[in-house]
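# Reading the structure
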Amino acid sequence: MLLIAVATENEIKPLEQFLAAADQVEVLVTGMGPVATAASLSNYLALHGSGIDGVLNIGVAGAYVDTGLAVLDICLAQQEFLGDFGICMQDGIQDFDPGLEKPGMPLASNNDLVDRFASICNDHDIAFKSVNFVTVNCCTGTTERGRFLRNKFNAGCENMEGAAVAMVCRNFDIPCIELRCISNMAEDRDPANWQLAEAIEKICRVAEVILQEYVQGRFRQV
């Protein structure tokens with residue numbers, strides 16, 4: 001069984017018809033942000049984890065400027081970083097003393113599930129970019145903050161749940177993969193430039209293709 005972890009109902013709505021007929025896929029709407037995500041996913045896996053082979057985290061993301069990413073690009077997480085965990089200073093986020101927490105410790109996304117999903121994307125000519133992701137509690141609303149996070153973590157985009165999903169899955173020894181579609185640039189905030197609905201539609205279309213192929217492949221192996 002594969003579990004889809006998604007922050008909101010809206011981000012999974014275009015998949016409703018597919019999911020109604022997919023008996024090897026479950027969905028967990030975690031709520032927004034790393035705290036809600038960690039709590040809900042931990043609770044779910046504590047109860048049902050023995051039947052879960054992997055977790056797919058999908059949704060939207062904000063891309064940092066000058067990274068080569070554009071709105072409606074599909075991105076695959078290479079590593080996840082907790083972007084605003086530390087000491088908030090005037091010029092950015094400072095890491096805690098290494099004795100308290102390893103600074104900038106990434107959550108790697110390298111497992112057989114990632115390799116399988118990337119292979120399916122390539123087989124179906126689904127273009128995607130593998131980049132570092134940053135998980136934040138507060139979405140970036142200025143170009144300055146976006147540049148700071150981009151440079152600090154060598155990152156392409158940000159979201160609000162991915163690191164929590166990765167950390168919980170690591171604790172439960174369950175492989176996970178994170179796929180997101182860019183809905184906006186992480187710059188001076190102007191929702192008029194966003195393509196949120198289009199990004200949700202696109203990530204769900206991509207997820208459906210991948211899930212169909214993945215489930216059929218697993219069925220043939222049984």
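Placed above this text is the structure.
What counts as what
Residues numbered from 1 in each chain as written. Predicted model: local features only at pLDDT ≥ 70, side-chain atom pairs only at ≥ 80, totals over all residues. Heavy atoms only, no water. Axes fitted to C-alpha atoms, helices over the stretch in contact; angles between N-to-C directions. Helix = DSSP H or I, 4+ residues; strand = E, 2+ residues; numbered from the N terminus. Parallel < 35°, antiparallel > 145°, perpendicular 65-115°, else oblique. Left-handed = near helix turned anticlockwise from the far one by under 90°. Contact = heavy atoms within 4.5 Å. Nonpolar A, V, L, I, M, F, W, Y, C, P; charged D, E, K, R; others polar. Buried < 20%, exposed > 50% of the residue type's maximum accessible area, 1.4 Å probe, protein only. Pairing = 2+ DSSP bridges. Right-handed = clockwise from strand over helix to strand, strands pointing away. 1 Å grid on protein atoms, 1.4 Å probe; cavity = no way out; pocket = protein on both sides within 12 Å on 5 of 7 lines; lining within 4 Å. Points joined across faces, edges and corners; volume = space filled by probe spheres on them.

This part covers the packing of helix H2 (residues 34-48) against helix H5 (residues 162-171). Close contact between H2 and H5 brings their axes to 8 Å; oriented N to C, the two are set at 30 degrees. As summarised for this structure, H2 and H5 are arranged roughly parallel, according to the angle between their axes. Pair H2 / H5 crosses with right-handed handedness. Of the residues in H5, those in contact with Pro-34, Thr-37, Ala-38, Leu-41, Ser-42 and Leu-45 of H2 are Ala-164, Val-165, Val-168 and Cys-169. Classifying every residue of the contact of H2 with H5 by side-chain character gives eight nonpolar, two polar and no charged.

Among the five residues that make up strand E1 (residues 2-6), five are buried, leaving the element largely enclosed by the rest of the structure. Side chains Leu-2, Ile-4 and Val-6 of E1 all project onto a buried face; the interleaved residues Leu-3 and Ala-5 project onto the opposite face, where all are buried too. Bridging between E1 and strand E2 (residues 25-29) involves five bridges; their strand directions are parallel. Its bridge partner being in E2, Ile-4 is matched across the sheet by Val-27. Between E1 and its parallel partner E2, the chain crosses via helix H1 (residues 16-21), and the hand of that crossover is right-handed. Relative to strand E3 (residues 54-63), E1 runs parallel, the two sharing four bridges. Considered in E3, the bridge of Leu-3 is made with Val-55.

The next thing to look at is empty space enclosed by the protein. Scanning all chains against the criterion turns up three cavities of 30 Å³ or more. Taken as a whole, the largest cavity holds about 70 Å³ of empty space. Lining the largest cavity are Thr-140, Asn-184, Met-185, Glu-187, Asp-188, Arg-189, Asp-190, Asn-193 and Trp-194. Split by residue class, the lining of the largest cavity holds two nonpolar, three polar and four charged.

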